[in-house]
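Listed here are the chains, written in short residue letters.
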Amino acid sequence: MTTRTTTGTTVTTTATAAEAPRGARFLRVAVALQTLTIFLQAVSAGVLLSSSHGELLHGVGARVMYGASMLYVLAAVLAWRPGGGSPRPIAYASGFLVLASAQVVLGIAHVPSVHVPLGVLMFGLSVLVLARQNTGAAGGRGLSGGSGPERS
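1. Observations regarding the overall build of the protein
Within the protein, the secondary structure is distributed over 4 helices and 2 strands. Mapped in sequence order, the helices and strands of the protein form the string β-β-α-α-α-α. Expressed as a percentage of contacts within the protein between residues at least 6 apart in sequence, the contacts between residues at least 24 apart total 51%. Looking at the protein as shown, the accessible area adds up to about 9,000 Å², and 69% of this sits on carbon and sulfur atoms.

2. Thoughts on helix α4 (residues 112-135)
Helix length check: α4 (24 residues) gives 34 Å between terminal C-alpha atoms against 34 Å at 1.5 Å per residue, within 8%. Within the sequence span of α4, burial applies to His115, Leu118, Gly119, Met122, Ser126, Val129, Leu130 and Gln133.

3. Examining the side chain of Gln103
Considering the arrangement of structural elements, one finds Gln103 in helix α3 (residues 88-108). For Gln103, the contacting residues outside a window of four places in its chain are Val114, His115, Leu118, Gly119 and Met122.

4. Structural notes on the packing of α3 against α4
Where α3 meets α4, the closest approach of the two axes is 10 Å, and the angle between their N-to-C directions is 155 degrees. By the angle between their directions, the pair α3 and α4 is classed as roughly antiparallel. Between α3 and α4 the crossing geometry is left-handed. In contact with Phe96, Leu99, Ala100, Ala102, Gln103, Leu106 and Gly107 of α3, α4 contributes Val114, His115, Leu118, Gly119, Met122, Leu125, Ser126 and Val129. Here the residues of the contact of α3 with α4 are counted per class, giving 10 nonpolar, 5 polar and no charged.

5. Remarks on the environment of Leu118
Inspection of the secondary structure puts Leu118 in helix α4. Distance from Leu118 to Ala102, taken between C-alpha atoms, is 8.6 Å for residues 16 residues apart in sequence. In this structure Leu118 touches Leu99, Ala102, Gln103 and Leu106, once residues within four positions along its chain are discounted.

6. Quick look at the confidence of the model for the protein
When the pLDDT values of the protein are averaged, the result is 81; 74% of them are 70 or greater. Confidence over residues 138-152 falls short of pLDDT 50; this stretch has 33 contacts with residues more than four positions distant or in other chains.

Thresholds, definitions, all that
- Residues numbered from 1 in each chain as written.
- Predicted model: local features only at pLDDT ≥ 70, side-chain atom pairs only at ≥ 80, totals over all residues.
- Heavy atoms only, no water.
- Helix = DSSP H or I, 4+ residues; strand = E, 2+ residues; numbered from the N terminus.
- Contact = heavy atoms within 4.5 Å.
- Areas by Shrake-Rupley, 256 points an atom, 1.4 Å probe, with all protein chains shown as cover.
- Expected span 1.5 Å × (residues − 1).
- Buried < 20%, exposed > 50% of the residue type's maximum accessible area, 1.4 Å probe, protein only.
- Axes fitted to C-alpha atoms, helices over the stretch in contact; angles between N-to-C directions.
- Parallel < 35°, antiparallel > 145°, perpendicular 65-115°, else oblique.
- Left-handed = near helix turned anticlockwise from the far one by under 90°.
- Nonpolar A, V, L, I, M, F, W, Y, C, P; charged D, E, K, R; others polar.
- pLDDT = per-residue confidence, 0-100.

Have a look at this one:
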């Protein structure tokens, strides 16, 4: 806990200086893991088309990708709460979890005409969020809700 007094006003912060970067770092790692698992799902979909082992690989990958989406939600909550960051990443992480749920349902139902384009969309959005977090381009207000430099 830090306390600072300026011109008669006392400001007390409950988060330590190390907690905010740690939460943001965990959020970046979670998004990177999600992006990687979605990419690997695309690779396993190609294997699915060319090998009898592809179905097992794609099924296991789906579970891992879904877990990575849940980890992203957890990381977004943890980055927001103790670090005092923006709650916006929670909405994006929840949106990814909804998309991942739709992917699982569409995959089980064997609807590739929607399943494949949705996977491409998810990968693109995940790369976008990852890029914005790593460059600080969001300025704390964009897709990542990251702690990039403030812009006027």
